[in-house]
Amino acid sequence: MTVRAFRHQGRHRVAVLVRHGLLPIELGIPHRIFGRSWEEDGEPLYEVVTCAVTPGPVRTDADFTVHVAHGPEALAEADTVIVPASHELDEPYAGGRLGPALAEALATIRPGTRVASICTGAFVLAAAGMLNGRRATTHWSSCERLQRLHPRVEVDPDVLYVADGNVLTSAGVASGIDLCLHMVREDFGAAVANSVARRTVVPPHRDGGQAQFIERPVPQPGVHTTGTARAWALRHLDRPVGLRELAEQESMSVRTFTRRFREETGVSPQVWLTRQRVERARHLLESGPLPVEKVAREAGFGSASSLRLHFQAALGVSPSAYRRTFRVRGAGTGPDVPGDSGSAEGAAALDLTG
């Protein structure tokens, strides 16, 4: 994570580049997530515009078209550019053959601009050379093809999204929500991202490293799950939580619990717990003046040095630097649901798949 808040004339400007064959849901995602990210006083933090190489009607994969008013000039003015998938056009780009008009439009993006793709929009970024030497992902069914046709890209098929510097890629469709929330969190902190997640009625945070496939996302009837243990752990993050204790909440052996936990969340219990502790610490740093040592204890890290170690590993910054960046903006905008710690408890309420 690189803590930053790009601004464009007071707001961060997001340009969504659409093409014929657009999946409407992928256009709606950035407009909803960025368009509902507000200051405490309700002032929008982002300006979101839709653009196309040629303004006018753009076909979708549904029975309607979308009228796009802006042309490629919007790309040169953007702080973030997002390329959703095209049902019709992504495969021709797979071999690196961008049409001259699209290639020219992409060339107008300013150096340093954050560029992201949703689903097979990654083929556009790869064909433009933006993914060379970077980790990236796309829809699980297209990962092998992306790797084969673009060998200079390090394709990871097992994640929801990848942030490699200022270039980000996401897996299929709904993972675009996770990607956009990640960018909001990166720009303006966890409190703002959690607030828009609540209004959108989606999990406030699914880590980008979570698997695209979870073996048992919906339990079979009559099969015992690990949801009770996860909810219990979230209520006890301020103290050591052992694997045996978690297994006891479900009346399982440690071995069975560990296997089932990974099937349901895609990660081990230890990794999951660390992520929840980091999220608890983020919320505490944003929403109040607690000393770092106290934040460490409340989040279950035990000491400030342990918190710094895990925080740096997860986010790339120290707790103090994170607080300096987000404390003023985040204060007062945190979770308004009792028991919601900003990600951990919110995740328990909204998404017990991890």
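Residues numbered from 1 in each chain as written. Predicted model: local features only at pLDDT ≥ 70, side-chain atom pairs only at ≥ 80, totals over all residues. Heavy atoms only, no water.

Colleague: Looking at this structure, I do not really get the nonpolar core. What am I missing?
Modeller: For soluble globular proteins, the rule of thumb is that nonpolar side chains tend to be buried together. Judged by nonpolar contacts, the single largest core of 35 residues is most densely connected at Val18, Phe34, Tyr46, Ile82 and Met183. Listing elements by their share of this core, those giving two or more residues are strand S1 (12-17), helix H1 (24-35), strand S2 (46-51), strand S4 (65-68), helix H7 (175-188) and helix H8 (190-200). For this core, the leading source of residues is H7, giving six residues. Setting aside its immediate chain neighbours within four residues, phenylalanine 34 contacts Val14, Tyr46, Val48, Ile82, Cys180, Met183 and Val184. (Core = buried A, V, L, I, M, F, W, Y, C linked by side-chain atoms within 4.5 Å. Buried < 20%, exposed > 50% of the residue type's maximum accessible area, 1.4 Å probe, protein only. Helix = DSSP H or I, 4+ residues; strand = E, 2+ residues; numbered from the N terminus. Contact = heavy atoms within 4.5 Å.)

Colleague: How should I be thinking about the pairing of strand S5 (residues 80-83) in this particular structure?
Modeller: In summary, the side chains of a regular strand alternate between the two faces of the sheet. Of the two faces of S5, the one lined by Thr80 and Ile82 and the one lined by Val81 and Val83 are each fully buried. Two elements, S1 and S5, share three bridges in a ladder whose sense is parallel. Pairing of alanine 15 across the sheet is with valine 81, part of S5. (Pairing = 2+ DSSP bridges.)

Colleague: Would you mind going over the pairing of strand S9 (residues 161-164) with me for this structure?
Modeller: Bridge analysis of S9 against strand S10 (residues 167-170) gives four bridges, and the strand direction is antiparallel. Looking at the pairing, aspartate 164 lines up with valine 167 of S10. Between S9 and S10, which pair antiparallel and follow one another directly, the connecting turn spans two residues, one of which, glycine 165, has a positive phi of 65°.

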